[in-house]
Amino acid sequence: MDELHALKDLLARPAAAQAVKDEGRHRLRNTMLRGPAPKRRRTRLFAGGLTVTAAGLATVVALVGGGSPAEREAAPNGPPLPAPVLMSGSEVLTNAATAVGRQPSEGAYWRISSTGVVARSATGRGYDVVQKMKQTFWLSTSPGGKSWTVSQYLGFVPATEADAAKWRADGSPESWRLEHKDPRCPKGRCAVQILSTKPQPVVTRAFGGKGVVGELAGLPITIAQVRALPTDPAKLKAAIARRLPGAKGRFLDMLAFENGMQLIMNLPVSSGVRAATYRMMAALPGVRSLGEATDQLGRKGHAVTMGADGSKKVLHRVIIDPSTGLPLATEMFTPADGTVLNDTTVTAAGWTDDRPDLSRP
Amino acid sequence: MAHHDGRGAVNTGRETDASLAAAVREDPDRFTDVYDRYFDVVHGYIAGRLDTQAADDLAAETFTLAFLHRDRFDPALGALRPWLLGIATNIIARHRRAEARRYRALARSAGPDVQDGHESRVVASVAAKDLQPRLAGALAALSAKERDVVLLMALGELSHEEIGQALGIPYGTVGSRLNRARGKLRAALEEED
């Protein structure tokens, strides 16, 4: 056999899902909009378009779902229509600031656990399957302390109730063999992909070198810098803007929203900074309320949206729990057709003095 | 009417690389067209050398870097495809250890490739499968420079000349590296059991 074709057989992988391409294009557009930004680290931590990245945090990638998750299929034209809007987006965020400001302010670790769809695939047997990833971040507040990510790709499961019924009618198979018609496949020797219901092993990674606890606006941030963040909303926005040279006007607003969610969810900031972040976001033009919304776990909260790419074509949606002020879920979606580009459901978030449990996400 | 140019990228027939590159210089917003035209090519190349999960991230990084350095693209020195794959090759170079691990894992077994995260695994035809551990072993044994040229050809589908453009090395050097690399791989495939 020709060694070049053999190499291709050995290494060819299925083409990327449309959602991966869409996410990458979104990232490229952000770069195009803000001009030459500080060099971005390679690794992305979180889904939700929160463009979180940090040095040393390898391959906890939750970029995308391959289409709208099951739970949203009932509303193919986008998120549920706004219920009668009682509060503006800005009021929702201001209330969240008040609620979050009452939360405890410190512990050994800021811990946040989430689940998100990372892949969706047709099986060729009349139904779709999806794969989720679970992950937990343990972000240390002690200088020189170690922080951890614990993540796990779960097995593929039917995408919707309707898919599950068809799966059972199909004999409840535990794996699916997909043959890809891929232009990279030589004739007659096409790539085959096996999807399994078995979960992948738990993957654990430590980070924290040089005090880095995560990333803000594309740059690593240390625990000392986190502690020095201002509790004044305008100063906080200025602190974010200093990390984004060239970003102005509505593009800065868009990035301030994204990085605001980053501060609230994925950095060990005090409750005062978290409250100031919500107030900073409440002042951004472009924040809209969708009224009450239910997340994938059936929890009710208040939903707000904000443009995600400088146009109205892609939006961030955040569902906030009004009692704690913490986010229940985030997602990026295209309102034109309701496609969800990625989603994150927060299963737990808060301060803890527990030692990191590295056995499960 | 769109048609394939025979190696993976869709050529719309409306616009050549050179005119697209010229359009980008006039209007940087057009760079998303470069992305749409070449994403699959770049993603496939990186996924082949690292894994799908890494490619999901690094393919996007390739285009971001390409955009930031778009002034360095000179249509006189070649097309967009080798330019982008050259950038991807530089990014892959930062992940040499992950790449080597991947080939070693493939050499040990043609079974499930757990490195590939959500992708599960990809297997080839039965005939090819028997030879895969050997081929992966031979690939792991190549020098980084030999791997670059042979994989730009096998996965990136570049010509000798384009490989030279992608890596910034002379045509003759491409030929000699390619000969050495292909010779070693062929020897591994033809080895008697």
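Residues numbered from 1 in each chain as written. Chains lettered and ligands numbered in written order. Predicted model: local features only at pLDDT ≥ 70, side-chain atom pairs only at ≥ 80, totals over all residues. Heavy atoms only, no water.

Enquirer: How would you explain the overall build of chain B if you had to name every residue and give the values?
Expert: If you tally the helices and strands in chain B, you get 9 helices and 3 strands. Considering only contacts within chain B whose residues lie at least 6 apart along the sequence, 64% involve residues at least 24 apart. Accessible area for chain B stands at about 8,400 Å²; split by element, carbon and sulfur atoms hold 51% of it. (Helix = DSSP H or I, 4+ residues; strand = E, 2+ residues; numbered from the N terminus. Contact = heavy atoms within 4.5 Å. Areas by Shrake-Rupley, 256 points an atom, 1.4 Å probe, with all protein chains shown as cover.)

Enquirer: Tell me about the environment of Ala188(B), and name the residues and values.
Expert: Residues and elements named next belong to chain B. Within the secondary structure, Ala188 sits in helix α9 (residues 171–190). Between the C-alpha atoms of Ala188 and Gly137, which are 51 residues apart in sequence, the distance is 8.3 Å. Residues contacting Ala188, with those up to four places away along its chain left out, are Arg134 and Ala138.

Enquirer: Give a detailed account of the packing of helix α7 (residues 144–154) of chain B against helix α8 (residues 160–167) of chain B, specifying residues and quantitative values.
Expert: Residue and element names in this part refer to chain B. Between α7 and α8, the shortest axis-to-axis distance is 10 Å and the interhelical angle comes to 125°. Classed by the angle they form, the pair α7 and α8 counts as oblique. Crossing of α7 over α8 shows right-handed handedness. Contacts between α7 and α8 involve Asp148, Val149, Leu152 and Met153 on the former and, on the latter, His160, Ile163, Ala166 and Leu167. Here the contact of α7 with α8 is built from residues that sort into 6 nonpolar, 1 polar and 1 charged. (Axes fitted to C-alpha atoms, helices over the stretch in contact; angles between N-to-C directions. Parallel < 35°, antiparallel > 145°, perpendicular 65-115°, else oblique. Left-handed = near helix turned anticlockwise from the far one by under 90°. Nonpolar A, V, L, I, M, F, W, Y, C, P; charged D, E, K, R; others polar.)

Enquirer: So what's going on with helix α2 (residues 31–49) of chain B? Residues and values would help.
Expert: Working note: α-helix, 3.6 residues per turn, so residues spaced by three or four point in the same direction. All names here are of chain B. Between its first and last C-alpha, α2 extends 25 Å over 19 residues, near the 27 Å set by a 1.5 Å rise per residue. The sharpest bend along α2 comes to roughly 55°, located at Tyr38. Judged by how many residues are buried, α2 sits mostly within the fold: 16 of 19 residues are covered. (Expected span 1.5 Å × (residues − 1). Bend = angle between axes of the 7 residues up to and from the residue. Buried < 20%, exposed > 50% of the residue type's maximum accessible area, 1.4 Å probe, protein only.)

Enquirer: Before we move on, could you go through the pairing of strand β13 (residues 327–334) of chain A and cite the residues and values that matter?
Expert: Residue and element names in this part refer to chain A. Counted residue by residue, β13 has 8 buried out of 8 residues, so it is predominantly covered. Linking two consecutive strands that pair antiparallel, namely strand β12 (residues 315–320) and β13, is a turn of 6 residues; a positive phi of about 80° is found at Gly325 within it. The pairing of β13 with strand β14 (residues 339–352) spans 6 bridges and is classified as antiparallel. Of the residues in β14, the one forming a bridge with Thr330 is Thr344. (Pairing = 2+ DSSP bridges.)

These figures capture arrangement, not role.
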